[in-house]
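Read off the chains here:
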Amino acid sequence: MEKTLSFIGGGNMGGAILRAACRALPPDQVLLYDPDAEKAEALSAETGCALAPSGEAAVRSAKYVMLCVKPQIFDGVLSGLLPALKEGLAAGEDRTVASIAAGVTLSAIETLLGGVEVPLVRIMPNTPAAIGKGTLLVAAGRGAAGQRLEGLMQALAPCGLLVPVTEAQLDQGTAVSGCGPAYVCLFIEALADGGVEIGLPRAMAQELAAQTVLGAAAMVLESGQHPGALKDAVCSPGGSTIAGVAELEKRGFRAAAAQAVVRAWSRNQQLGK
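Basis of the calculations
- Residues numbered from 1 in each chain as written.
- Predicted model: local features only at pLDDT ≥ 70, side-chain atom pairs only at ≥ 80, totals over all residues.
- Heavy atoms only, no water.
- Phe/Tyr/Trp six-rings, centres within 6.5 Å; stacked < 30°, edge-to-face > 60°.
- Helix = DSSP H or I, 4+ residues; strand = E, 2+ residues; numbered from the N terminus.
- Buried < 20%, exposed > 50% of the residue type's maximum accessible area, 1.4 Å probe, protein only.
- Salt bridge = Lys/Arg side-chain N within 4 Å of Asp/Glu carboxyl O.
- Core = buried A, V, L, I, M, F, W, Y, C linked by side-chain atoms within 4.5 Å.
- Contact = heavy atoms within 4.5 Å.
- 1 Å grid on protein atoms, 1.4 Å probe; cavity = no way out; pocket = protein on both sides within 12 Å on 5 of 7 lines; lining within 4 Å.
- Points joined across faces, edges and corners; volume = space filled by probe spheres on them.
- Nonpolar A, V, L, I, M, F, W, Y, C, P; charged D, E, K, R; others polar.
- Patch = residues over 30% accessible without salt bridge, like charges linked within 9 Å, V, L, I, M, F, W, Y side chains within 5 Å.
- Areas by Shrake-Rupley, 256 points an atom, 1.4 Å probe, with all protein chains shown as cover.

A. Summary view of the packing of aromatic side chains. This model, assessed by the stated rule, comprises one aromatic pair. Between the aromatic rings of phenylalanine 187 and phenylalanine 253, the centroid separation amounts to 5.6 Å while the plane-to-plane angle is 45°, which identifies the pairing as tilted. One end of the pair, phenylalanine 187, is in helix H8 (residues 180-197); the other, phenylalanine 253, is in helix H12 (residues 253-271), and 66 residues separate them in sequence. Classification of phenylalanine 253 by relative accessible area gives partly exposed; the value is 38%.

In structure tokens form, the structure reads like this:
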């Protein structure tokens, strides 16, 4: 095994993690295989990572194998990698497989692997990992503990916050942190649209909206205060902020956001079947 990390799949999420890994490791220690050669070559040119000619070659070459493919094709991809995994197991190689496929459980992966008892990890990342501001939920499966898990987490540390969780918490947390960037970007876009409607230039409105979300999030994390308390601190009696909050409440803003999480979790459960 010449490499530290091999990525099978370089899509939005896989590419985000790969970019971060190339900041933690020498890029030549990171290997990528994606059937879309153009996409793979672009990522290699951007990050300096090496390219593998096939998925099996990528598996044979690295200590940690990151399966970054969609749940709908996961079974077929893993089946194609089984010969290489079996060879490594027979040769006594210490190889760990990590999956980011939403809804595909550790038990389902074990079933697909059959008798190939490699250490397993499930990771649920989000796209801000590409800029080191991500959240990665990490659930260790069979055989993945101690130095194996520690080595993987060190390689992925530049992604942002890594949170060890149970598998049940992983599927639940994904509906918040994994899907959440889309919800937050939708909110930023809506704030900016409101600013444009009242006369702000688009670029200014978007910058104000994004920086405001960034600052508010930092206050929640750094102050330790409840978001409701921070909200109340801005809402002066009879002021403009409370008027805006009342409008959001009237239109079901909080209920809609909460139900988005519930619906995303439900979909995660469906994807795993």
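Having seen it, we continue.
B. The pattern of salt bridges, seen in detail. Enumeration according to the criterion identifies twelve salt bridges in this entry. One salt bridge in this structure joins aspartate 171 and arginine 122, with 2.9 Å as the shortest N-O distance. Taken as a pair, aspartate 171 in helix H7 (residues 167-178) and arginine 122 in strand S6 (residues 120-124) lie far apart in primary sequence, 49 residues in all. For aspartate 171, a relative accessible area of 9% puts it in the buried group. Given the relative accessible area of 0%, arginine 122 is considered buried. The shortest N-O distance in the salt bridge between lysine 250 and glutamate 247 comes to 3.3 Å. Of this pair, lysine 250 and glutamate 247 both sit in helix H11 (residues 240-250), three residues apart, which is roughly one turn of that helix. Overall, glutamate 247 belongs to the partly exposed group, its relative accessible area being 30%. If you follow the salt bridges from partner to partner, you end up with Glu56, Arg60 and Glu87 in one network.

C. Expanded view of the environment of glutamate 38. Locating glutamate 38 in the fold gives a position in helix H2 (residues 37-47). In this structure the C-alpha to C-alpha distance between glutamate 38 and alanine 255, which are 217 residues apart in sequence, comes to 42 Å.

D. Up close: the nonpolar core. In this structure, Leu5, Phe7, Met66, Ile123, Leu152 and Leu156 are the most contacted members of the largest nonpolar core, which totals 37 residues. Secondary structure elements with two or more residues in this core: strand S1 (3-8), helix H1 (12-24), strand S2 (30-33), H2, strand S4 (62-67), S6, strand S7 (134-140) and helix H6 (147-156). When residues no more than four places from it in sequence are discounted, the contact partners of methionine 66 are Leu5, Ser6, Phe7, Ile8, Ile17, Ala98, Ile100, Ile123, Leu152 and Leu156. Core analysis: the second largest hydrophobic core is formed by 23 residues, Val69, Leu78, Leu82 and Val116 among them.

E. Inspection of empty space enclosed by the protein at higher detail. For the structure on display, the rule yields one cavity of 30 Å³ or more. Empty space within the largest cavity amounts to approximately 30 Å³. Lining the largest cavity are Leu85, Gly88, Leu89, Glu93, Arg95 and Val118. Along the lines of polarity and charge, the residues of the lining of the largest cavity split into three nonpolar, one polar and two charged.

F. Representation of a nonpolar patch on the surface. A cluster of nonpolar residues, Leu200, Met204 and Leu208, forms a patch on the protein surface that exposes about 250 Å² of accessible area. Tracing the chain through its elements places leucine 200 in the loop between H8 and helix H9 (202-223).

G. Local environment of the layout of surface pockets. In this structure, the second largest pocket spans a volume of roughly 810 Å³. What lines the second largest pocket is a set of 34 residues, and nearest its centre among them are Met13, Val69, Lys70, Pro71 and Ile100. Mapped onto the lining of the second largest pocket, the elements with two or more residues apiece are H1, helix H4 (71-90), H7 and H12. Broken down by element, the lining of the second largest pocket gets its largest block of residues, six residues, from H4. Counted by class, the lining of the second largest pocket contains 18 nonpolar, twelve polar and four charged residues.

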